Amino acid sequence: MADNAPKMQATLGLTGLTMNAMALIAPGAFLWLTFFIQATAGNTTPAMWAGIVLALLLCLATAVCYAEMAKLYPGTGSSYYFAEQSFLNHEKAWKYARLSKFIVGWGSHLYYWVYPGVMCGVMGVLCGYLAGTLWPSFMSASLPGPVFMGLVAVATSFIVAYIAYRGVNGSTAVNIAINVIQISALLVFSVMAISYRMNHPPGTVAWNFDSGSGDAYTYEFATKKDTVNGQQVDVVDRNADGTPKPMLDANGQPVPFKIAYPDKDDKGMFLSHSSGSSVVGIHSFGSVFVQATIAILILVGFESVTAMGGEARNAKRDVPIAVITSLLVQGAFCYLIEYFAANYFLNSGYTMQSATGSAAPIGDMMVVVGNALFGGHGRAFMLIQAFTVFLAIIGTTLSCMNTGARVTYAMGQDEELPDHYGMLHADNLTPHRSIWTLAVISAIVGVICVSVAFGDGPAPKDSDIKAIPPGILSSFGYTTHDQMAALPNTLLLMTLTSNFGTFLLYGLSCLTCLVAFHHHPMYNPLKHTLIPLFGVVANLLCMGAYLVLPFMGYGTKMEPFGALGLAAVWAIYGGIYFVRGSKMKGRTTLVGERGAGKAVA
C-alpha cells in the first residue's frame, strides 16, 4: 500500500474496546432469539444451561489465549495477525508464517462472514413476531412469513453496514447505549421470571399462554373438532376476535387454569424442569455437547477487540483487559442468570414444546410474567423489552461487521485477498470495500436463514399452517407439516455453519498461542500451555460432535451435516484460491527468508 494512503486512527480507550466486544456478545438479543434455536435441537433441551457452561469454559480458555497474544502483537487483524507474528517470531516455525496466517484468516471468514447474516435473519424473525403481535390479521406472530422476514434481513444488513461505514467512533457510541439498555431490561425479566415460578407452586391458578392470539389467560381453553388435510383434529375453539373460549364447568363457569411442572409428555418430549437443580443439571453428556455447539453463538465476540488494535490508544494494556472483561460480564454473569430464569419459568402453561413452536419464546414468556405482575398488560411489557432486543441485534451485527471487515482488510493489505479490500475510505477511515462486500453476503445469508426457519423439528402442525393469514408476505413458503419436517431448519443450519467456523477459529487461535509462547521469555505453563491445550481439545470435541452425536440419537442430522458440508466447500475453495493466487503472483507457500514478513521483536 502507498505510504500516503489513509490509515486508521487510535481513538478507542478501554471502555470503547470493551463495549464493542460486549455488543457482539449481546445477551439481550441472544436470550430472546437463540433460546428458540436451542429449543429446536431435538430432545436435548433439558441440558440447555449446562451446554452454555461448557461453551463458556471453552470461550474462557480461548479468551485467555487472545488476551495473551494481544500483549505481544497489538495490531489490526486479530487471530490472522497473531498467526503471522507467532510463526515469524518462532525460532524454527517461521517458514510456515504465510501458510498459517492464510489458514487462520480464511477459516475465520466462515465465522465472520456468516455470523452477521444469521443476525440479520433473527432480526427478520423478531420483526415478524412483532408484526404478528401488533397486526394479527396481517401476520402470524408464532409463524411469521418468510418473505417478510427476508425483506427485513436485507434491510438490516445494509442499514448496519452504513453505520459501520461511517466509522468506529459512531459505532462505539451506539454500542455503549445498547449495552446499558439491553442488560438492564433482560435482568428485569430474569427477576420477574424467577419470581413467577416461586409465587406459583403446583396447583395454584396461573396464566395459560395461547399462541394463536399471542396472549395468556387464567382459564383452560375449550377445544373443538376440525378437519385439516382430511383428518379430524382437536383445535382451540375461538371467539370472533381470535381469543380462545374458556372451558366451562358443570355450572357454566370458566375452569381456572392450575399450573403444574411436568417433566415430559406421553411421547417422552421434555416439557419443564421440576426444580432449580434440574435446570443446572447435566442430564446427559451428549445433550450438553449438542447444546454447546449451538450456545457458542451467544458467547462469541470477546475476540473482536483484538481486530481493533490499530484503533486503540493503548492496545497492549487495554485490549487484553477488554477481551476477558467482556466475556465475564456478558457470558459468566448475564447469560447464566437469564438462561436459568427462562428455563426455571417453564410450566404447563408454557412448556418447552410451546417454545419450539414459537418464533420468540422469550417474548411469549414476557407476556405471561407481564400479565401476572402488571394486571394483564403483559403484551405492553413484551413490546418494551422487544425494543431493547431490536437495539441489541443492531449492536451485535454492527460489532461483527466491524470485526469481520477488519480481518478482510488485513488480508487485503497482505494481498492474500484482492488488494482493494485493503483500502480505507479517505474520509471515514473505514475498510469500506470489505464492509459493503460483507453487507451483500449478510443479506444473502439472512434470507437463507428465514427461508425455512420452521423446518425439521419445529415444523408447524397443519392446523397452525391453515390459521396463518393468507398473503405473499405472511404465508408464502408454508406448505404442509410433513413437507416442512423433511426440510432442514435453515436458521439452525446457518447458525451451526457459523459456529463451526467459530470452533475452527478458536481452536487454531489456541494452537497459535502455543506457538507464540514456546521458548518465549514471558512463558507461563498455565496460561501458555495448559489453558491453550484445553482450548484446542474442547474446540475439536465440539467440531467432532457435529458428526458423531446425530448417530447417537442426540439432536438432528440434516443441520449439522449440512454445516459440515458448507465448511468443507469453504475449505476446498480456500485451498484452490490459495494455490492459484500464489501461482499468479509468484509467491511461495513457505516464507523463504526469516526477515520476509512483519516480525515484531
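Residues take numbers from 1 onward in each chain, read along the sequence in its written order. Where totals are concerned, whole chains, interfaces and linings use all residues; where local detail is concerned, this predicted model gives features only for residues with pLDDT of at least 70, and gives and counts side-chain atom pairs only at 80 or more. Side-chain descriptors were evaluated using all non-hydrogen atoms of the structure, hydrogens and water having been removed beforehand.

**Considerations on the side chain of Ser190**
And step 1. Working definition: helices are DSSP H or I runs of at least four residues, strands are E runs of at least two. Numbering for both runs from the N terminus. By the secondary structure assignment, Ser190 is in helix 8 (residues 168-198).
And step 2. In this description, contact between two residues means that some pair of their heavy atoms is separated by no more than 4.5 Å. Beyond its immediate chain neighbours, meaning those up to four positions away, Ser190 contacts Ile337, Glu338 and Ala341.

**Some points on the packing of helix 5 (residues 97-112) against helix 20 (residues 558-585)**
And step 1. Whenever a helix is involved, its axis is fitted only over the stretch in contact; in every case the axis is a line through C-alpha atoms, and angles between N-to-C directions fall within 0 to 180 degrees. The geometry of helix 5 relative to helix 20 is characterised by a closest axis approach of 10 Å and an angle of 140° between their N-to-C directions. As judged from the angle between their axes, helix 5 and helix 20 are oblique. Classified by chirality, the crossing of helix 20 by helix 5 is right-handed. When helix 5 is examined against helix 20, the residues Arg98, Leu99, Phe102, Trp106, His109 and Leu110 are found in contact with a partner set consisting of Ala567, Trp570, Tyr573, Gly574, Tyr577, Phe578 and Ser582. Should an angle fall under 35 degrees it is taken as roughly parallel, and over 145 as roughly antiparallel, whereas 65 to 115 is taken as roughly perpendicular and any remaining angle as oblique. In this scheme the crossing of two helices becomes right-handed for a clockwise turn of the near helix relative to the far one and left-handed for an anticlockwise turn of less than a right angle.

**Considerations on unusual backbone geometry**
And step 1. Even without glycine at this site, His283 takes up a positive phi of about 70°.
And step 2. The residue His283 is located in the loop between helix 9 (276-279) and helix 10 (285-299) in this model.
And step 3. The cut-offs for exposure are 20% and 50% of the maximum accessible area for each residue type, with area from a 1.4 Å probe on protein chains only; residues under the lower value are buried, those over the upper are exposed, and the others partly exposed. Residue His283 is classed as partly exposed on the basis of its relative accessible area of 48%.

**A look at the pattern of salt bridges**
And step 1. Salt bridges are defined as contacts in which a side-chain nitrogen from Lys or Arg sits within 4 Å of a carboxyl oxygen from Asp or Glu. Throughout the structure, instances matching the rule amount to 10 salt bridges.
And step 2. Notably, a salt bridge pairs Lys224 with Asp237, separated by 4.0 Å at the nearest N-O pair. Linking Lys224 in strand 3 (residues 223-228) with Asp237 in the loop between strand 4 (231-236) and helix 9, this pair joins segments that are 13 residues apart in sequence.
And step 3. Look at Lys224 and you get partly exposed, because its relative accessible area is 41%.

**Things to note about the nonpolar core**
And step 1. One finds Trp32, Phe35, Phe189, Tyr339, Ile362, Met365 and Tyr506 to be the most contacted residues of the largest nonpolar core, which totals 162 residues.
And step 2. When residues in this core are grouped by element, the largest group, 14 residues, is from helix 3 (residues 48-72).
And step 3. Leaving out residues up to four positions away in the same chain, Tyr506 has contacts with Leu58, Cys59, Thr62, Tyr66, Tyr111, Val300, Gly301, Phe302, Glu303 and Asn539.
And step 4. Ranked by size, the runner-up nonpolar core spans seven residues in total, among them Phe87, Trp94, Ala97 and Val515. Residue types Ala, Val, Leu, Ile, Met, Phe, Trp, Tyr and Cys, when buried and joined through side-chain atoms within 4.5 Å, form a set referred to as a nonpolar core.

**A few points about the packing of aromatic side chains**
And step 1. Stacked, tilted and edge-to-face are the three classes assigned to paired rings of Phe, Tyr and Trp, where Trp is represented by its six-membered ring and a pair needs centres within 6.5 Å; plane angles under 30 degrees give stacked, over 60 edge-to-face, the rest tilted. Within the structure shown, the criterion is met by 30 aromatic pairs.
And step 2. Aromatic pair Phe551 and Phe561: ring centres 5.4 Å apart, planes at 40°, arrangement tilted. Note that Phe551 is positioned in the loop between helix 19 (525-548) and helix 20 and Phe561 in helix 20, a separation of 10 residues in sequence.
And step 3. Judged by relative accessible area, which is 27%, Phe561 ranks as partly exposed.
And step 4. Among the aromatic residues, those joined into a cluster by ring pairs are Phe102, Trp106, Trp113, Trp570, Tyr573, Tyr577 and Phe578.
And step 5. Lying across the ring of Tyr261, Arg197 places its NZ or CZ 3.8 Å from the centre. Think of it as a cone above the ring: NZ of Lys or CZ of Arg counts as a charge over the ring if it is within 6 Å of the ring centre and within 35 degrees of the ring normal.

**Section: the side chain of Glu68**
And step 1. Relative to the helices and strands, Glu68 is located in helix 3.
And step 2. For Glu68, a relative accessible area of 5% corresponds to the buried category.
And step 3. Separated by 3.0 Å, the side chains of Glu68 and Lys71 make a polar contact.
And step 4. Those residues within four positions of Glu68 in sequence are excluded, and the remaining contacts are Phe517, Lys527 and His528. What qualifies as a polar contact is a pair of N or O atoms within 3.5 Å, subject to a donor-acceptor requirement within protein and to the restriction that residues adjacent in sequence count only when both atoms come from side chains.

**Section: helix 18 (residues 490-516)**
Quick reminder: α-helices carry 3.6 residues per turn. Residues three or four places apart thus point the same way.
And step 1. Counted at 1.5 Å a residue, the expected span for helix 18 with its 27 residues is 39 Å, and the 38 Å between its end C-alpha atoms agrees.
And step 2. N-capping of helix 18 is provided by Asn489, with a side-chain oxygen placed 3.1 Å from the backbone N of Leu491. Multiplying 1.5 Å by the residue count of a helix minus one yields the expected span of that helix.

**What to know about a nonpolar patch on the surface**
And step 1. Exposure above 30% relative accessible area and the lack of any salt bridge qualify a residue for a patch; like charges then connect within 9 Å, and the nonpolar side chains Val, Leu, Ile, Met, Phe, Trp and Tyr within 5 Å. The Shrake-Rupley method, run with a 1.4 Å probe sphere, supplies the accessible areas, and residue values consider only the shown protein chains as cover. Together, Phe158, Tyr162, Trp436, Val440, Ile444 and Ile448 make up a nonpolar patch on the protein surface, roughly 520 Å² of accessible area in all.
And step 2. The biggest single contributor to the nonpolar patch is helix 15 (residues 432-451), with four residues.
And step 3. Note that Val440 resides in helix 15.

**Structural notes on the environment of Asp427**
And step 1. Along the polypeptide, Asp427 turns up in the loop between helix 14 (378-413) and helix 15.
And step 2. Among the residues examined, Asp427 registers a relative accessible area of 66% and is labelled exposed.
And step 3. With 124 residues separating them along the chain, Asp427 and Glu303 place their C-alpha atoms 27 Å apart.

Purely geometric stuff here, so don't read any function into it on its own.
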